[in-house]
Amino acid sequence: MVLLVHPGGPFWRNKQTGAWQIPKGLIDPDEDPLTAALREASEELGTDLGKRGAGAFPLGEVRQAGGKLVEAFALEAELDAEAIVSNRFEIEWPPRSGRRQSFPEVDAARWFTIGEARAMMLPSQLPLLDRLEDRAPQASPKAADG
């Protein structure tokens, strides 16, 4: 199973297929990528993953359609996807209205099988699923199918 998050905010509100993604964010100055990944995931999920980071392994980098380079890691952990509490961000909404509104960075998290994740995930992040399957073939549907 793979945990993916649905981004919050008005742009993603009615998008499902091709919208789900890994928790991610920016690396702070003097911060290593794994520490940043654990911090960002913790902020977006509302649970401290830092204590569980010792078992994380790298999945490499992907470049998203908008140009952002994402370095990803996988971590085996139990997490109640329905209990997430994301941090929030503020934007002017509606555009050029002069009003600022607050939205959760992540409005939902869900556990998917690899096959389900392929159908729902942001297309530019799909190579991460291949790398995960290569790293953990015993958990993949490909391995179970022979």
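Quick notes on the overall build of the chain
Helix and strand content of the chain: four helices and six strands. Each helix (α) and strand (β) of the chain, taken in turn from the N terminus, gives the series β-α-β-β-β-β-β-α-α-α. Taken against the 2.2 N^0.38 rule, which gives 15 Å for 146 residues, the C-alpha radius of gyration of the chain at 16 Å falls within 12% of a compact globule. On the principal axes, the C-alpha backbone points of the chain span a range of 55 × 35 × 30 Å. Going through the 146 residues of the chain one by one, you find that 38% of them count as buried. As displayed, the chain offers around 8600 Å² of accessible surface, 53% of which is attributable to carbon and sulfur atoms. Taken together, the 17 basic and 23 acidic charged side chains of the chain have centroids lying 7 Å from each other.

A closer look at the side chain of Gln 64
Looking at the element boundaries, Gln 64 is found in the loop between strand S2 (57-63) and strand S3 (69-74). Here Gln 64 falls in the buried class, since its relative accessible area comes to 12%. Polar side-chain contacts of Gln 64 include one of 2.7 Å to the side chain of Gln 125. In contact with Gln 64, other than residues within four places in its own chain, are Lys 24, Val 70, Leu 122, Ser 124 and Gln 125.

Quick word on helix H3 (residues 126-135)
All of the buried residues along H3 are Leu 128, Leu 129, Leu 132 and Glu 133. Buried residues of H3 fall within an arc of 140° about the axis and therefore sit on the same side.

Topic: the side chain of His 6
Looking at the secondary structure, you find His 6 in strand S1 (residues 2-7). A polar side-chain atom of His 6 sits 2.5 Å from the main-chain carbonyl oxygen of Lys 15.

Observations concerning the nonpolar core
Core analysis: the biggest nonpolar cluster contains 18 residues, and Leu 4, Ile 22, Leu 59 and Leu 132 have the highest contact counts within it. For this core, the secondary structure elements donating two or more residues are S1, S2, S3, helix H2 (114-120) and H3. Leu 59 has contacts with Ala 72, Phe 73, Ala 74, Leu 128, Arg 131 and Leu 132, leaving out every residue within four places of it along the chain. Counting 11 residues, the second largest nonpolar core, distinct from the first, contains Leu 3, Leu 49, Ala 81 and Val 106.

With respect to the environment of Lys 51
When you line up the elements, Lys 51 lands in the loop between helix H1 (33-45) and S2. Considering only alpha carbons, one finds Lys 51 and Leu 38, 13 residues apart in sequence, at a separation of 9.1 Å.

What about the confidence of the model for the chain?
Confidence in the prediction of the chain, expressed as mean pLDDT, is 90, and 92% of residues score 70 or more. Put simply, helix H4 (residues 141-145) is where the chain has its lowest mean pLDDT, 39, and strand S6 (residues 106-112) is where it has its highest, 98.

What counts and what doesn't
- Residues numbered from 1 in each chain as written.
- Predicted model: local features only at pLDDT ≥ 70, side-chain atom pairs only at ≥ 80, totals over all residues.
- Heavy atoms only, no water.
- Helix = DSSP H or I, 4+ residues; strand = E, 2+ residues; numbered from the N terminus.
- Rg over C-alpha atoms; globule rule 2.2 N^0.38 Å.
- Buried < 20%, exposed > 50% of the residue type's maximum accessible area, 1.4 Å probe, protein only.
- Areas by Shrake-Rupley, 256 points an atom, 1.4 Å probe, with all protein chains shown as cover.
- Lys, Arg positive; Asp, Glu negative; His and termini not counted.
- Charge placed at Lys NZ, Arg CZ, Asp CG, Glu CD.
- Polar contact = N/O pair within 3.5 Å; in protein donor to acceptor, adjacent residues only side chain to side chain.
- Contact = heavy atoms within 4.5 Å.
- Arc of directions from axis to C-beta.
- Core = buried A, V, L, I, M, F, W, Y, C linked by side-chain atoms within 4.5 Å.
- pLDDT = per-residue confidence, 0-100.

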